[in-house]
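Topology and contacts: notes
One-letter residues, chain by chain:
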Amino acid sequence: MSLRFLLTLAASCVLALPHQAAAQLADAKALTAGAVKKILAAAEAKAAENKWNVAIAVVDPGGDLLGFVRLDGASAGTAQVSLGKARTAAKFGRPTKVYADRVLADTLTFLSVDGVYTLQGGLPIIVNGRVIGAVGVSGVTSAQDEQVAAASIAAVVP
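Now for a description of the structure that goes with this document.

What counts and what doesn't
- Residues numbered from 1 in each chain as written.
- Predicted model: local features only at pLDDT ≥ 70, side-chain atom pairs only at ≥ 80, totals over all residues.
- Heavy atoms only, no water.
- Helix = DSSP H or I, 4+ residues; strand = E, 2+ residues; numbered from the N terminus.
- Buried < 20%, exposed > 50% of the residue type's maximum accessible area, 1.4 Å probe, protein only.
- Contact = heavy atoms within 4.5 Å.
- Areas by Shrake-Rupley, 256 points an atom, 1.4 Å probe, with all protein chains shown as cover.
- Polar contact = N/O pair within 3.5 Å; in protein donor to acceptor, adjacent residues only side chain to side chain.
- Core = buried A, V, L, I, M, F, W, Y, C linked by side-chain atoms within 4.5 Å.
- Pairing = 2+ DSSP bridges.

1. Re the overall build of the protein
Of the regular secondary structure elements, the protein holds five helices and four strands. Reading the secondary structure of the protein in the N-to-C direction produces α-α-β-β-α-α-β-β-α. Counting the 158 residues in the protein, one finds 35% classified as buried. Look at the contacts in the protein between residues 6 or more apart in sequence, and 61% of them connect residues 24 or more apart. About 9200 Å² of surface is accessible on the protein, with carbon and sulfur atoms providing 58% of the total.

2. Looking at the environment of Asn50
Among the secondary structure elements, Asn50 is positioned in helix α2 (residues 33-50). Judged by its relative accessible area of 31%, Asn50 falls in the partly exposed class. Between the C-alpha atom of Asn50 and that of Val148, which follows or precedes it by 98 residues, the distance is 9.7 Å. Polar side-chain contacts of Asn50 include one of 2.9 Å to the backbone oxygen of Lys46.

3. Remarks on the side chain of Lys85
Of note, Lys85 is situated in helix α3 (residues 77-92). Ignoring anything within four residues of it in the chain, the contact list for Lys85 reads Thr96, Tyr117, Leu119, Gln120, Gly121, Gly122, Gly136, Val137, Ser138 and Asp145.

4. Observations regarding the nonpolar core
Leu31, Val54, Ile56, Val58, Ile125, Val135 and Val137 are the most contacted members of the largest nonpolar core, which totals 22 residues. Listed by contribution, the elements that provide at least two residues to this core are α2, β1 (55-59), β3 (122-127), β4 (130-138) and α5 (142-154). Residue contributions to this core peak at six residues, all from α2. Excluding its chain neighbours within four sequence positions, the residues that come into contact with Ile125 are Leu31, Ile39, Arg130, Val131, Ile132, Gly133, Ala134, Val135, Ile153 and Val157. Ala57, Leu83, Ala86 and Ala134 belong to the second-largest nonpolar core, a separate cluster that totals seven residues.

5. Topic: the environment of Val54
Tracing the sequence through the fold places Val54 in the loop between α2 and β1. Looking at Val54, the relative accessible area reads 0%, which means it is buried. As for Val54 and Val140, which are separated by 86 residues in sequence, their C-alpha atoms are 6.7 Å apart. Excluding residues within four positions of it along the chain, Val54 makes contact with Ala47, Val69, Arg70, Leu71, Ala74, Val137, Ser138, Gly139, Val140 and Asp145.

6. As for the side chain of Ser82
For Ser82, the location among the structural elements is in helix α3. With a relative accessible area of 0%, Ser82 lands in the buried category. Setting aside residues no more than four positions away along its own chain, Ser82 makes contact with Ala55, Ile56, Ala57, Phe68, Gly136, Val137 and Ser138.

7. Some points on the pairing of strand β2 (residues 65-70)
One ladder, built from five bridges, connects β1 with β2; its direction is antiparallel. Along β2, the bridge assignment pairs Ile56 with Val69. Counted between consecutive antiparallel strands, the loop separating β1 from β2 contains five residues, among which Gly63 sits at a positive phi close to 90°.

8. Description of the pairing of β4
Burial analysis of β4 places seven of its nine residues in the buried class, which makes it a mostly covered element. Relative to β4, β1 runs antiparallel, the two sharing five bridges. Bridge pairing links Ala55 to Ser138 in β4. Taken together, the six bridges between β3 and β4 define a ladder with antiparallel strand orientation. Residue pairing for β4: Ile125 is matched across the bridge by Gly133. The turn linking β3 back onto β4 is made up of two residues, and Asn128 within it adopts a positive phi angle of 55°.

In structure tokens form, the structure reads like this:
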């Protein structure tokens, strides 16, 4: 083999590396600060429309808090519950109603899973089949909490 051939081969390998590395990485959507503000504003509007005093938590896919508001008149306990609902929906990628229904159907094993809130009102935010975050709401009935969460997600994910 000639030196020229070996240099050409080496250069080809080096030039191909960025393309191979890029092929191993996925492009994923993420919640921006602007999107979180829009989610919270839509949730507040839905709650105000119905005169519901709720707490609203928005989290990333790992359940870390991105945004939160507790509306006037919402009890102190709603803060923890809304965050728990959001974290459950984000980490498991399903509405928290799924787990509430399972407990009601006598599948009590979910009560032993650390950090799982088995109360309706937490919804994952899914884009292109991937969970990019979640919203949890607490303060009124569980079904009403979920209505607020759904309205807030609809503001950023049509």
